[in-house]
Amino acid sequence: MPGRETPHGLYALTDALAHNHLLAGTLAAHLQRQDLAPDLLRHSLQFPDPDRYITREPVQHLDGLTGTVPEEAAEPVWTGVGRHIARDGD
């Protein structure tokens, strides 16, 4: 709305939530790739539907962390971020 600014804390909260979702999804995707039993995966996530967390972005991030070649022609952003973390450690 014009004339009203969004509090800075709202952005920080949104960023923290997105980061938490990415982290949980990346870990869940890794466990899924390691053939963890579906019941154990649901128990680990404390949520009945792992697909809520294992979305495109966490899978791309995991691909970058593990050096997996993405299926898309252009490397997705999260794959690049994962590669950077795996290579440089930060």
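Just so it is clear, the structure is predicted and the values come from calculations on it, not from any experiment.

Participant: Would you mind going over the nonpolar core with me for this structure?
Facilitator: Listed in full, the eight residues of the largest apolar core are A24, A28, A29, L41, L45, Y53, I54 and L62. Aside from chain neighbours lying at most four places away, what touches A28 is L41, L45 and I54.

Participant: Would you mind showing me how to read a nonpolar patch on the surface here?
Facilitator: On the surface, L65, V77, W78, V81 and I85 cluster together into a nonpolar patch covering about 370 Å² of accessible area. In terms of residues, the nonpolar patch owes the most to one element, helix α4 (residues 77-88), which gives four residues. Here V77 lies in helix α4. In this structure V77 comes out as exposed when scored by relative accessible area, which is 63%.

Participant: Would you mind going over the pattern of salt bridges with me for this structure?
Facilitator: Here the idea is simple: oppositely charged side chains can pair when their charged atoms come close. Under the criterion given, the structure shown has four salt bridges. R33 is paired through a salt bridge with D63; the nearest N and O atoms lie 2.6 Å apart. Highlighted residues: R33 in helix α1 (residues 8-33) and D63 in helix α3 (residues 56-66), separated in sequence by 30 residues. With a shortest N-O distance of 2.2 Å, R42 and D39 are connected by a salt bridge.

Each value, and the rule that gives it
Residues numbered from 1 in each chain as written. Predicted model: local features only at pLDDT ≥ 70, side-chain atom pairs only at ≥ 80, totals over all residues. Heavy atoms only, no water. Core = buried A, V, L, I, M, F, W, Y, C linked by side-chain atoms within 4.5 Å. Buried < 20%, exposed > 50% of the residue type's maximum accessible area, 1.4 Å probe, protein only. Contact = heavy atoms within 4.5 Å. Patch = residues over 30% accessible without salt bridge, like charges linked within 9 Å, V, L, I, M, F, W, Y side chains within 5 Å. Areas by Shrake-Rupley, 256 points an atom, 1.4 Å probe, with all protein chains shown as cover. Salt bridge = Lys/Arg side-chain N within 4 Å of Asp/Glu carboxyl O. Helix = DSSP H or I, 4+ residues; strand = E, 2+ residues; numbered from the N terminus.

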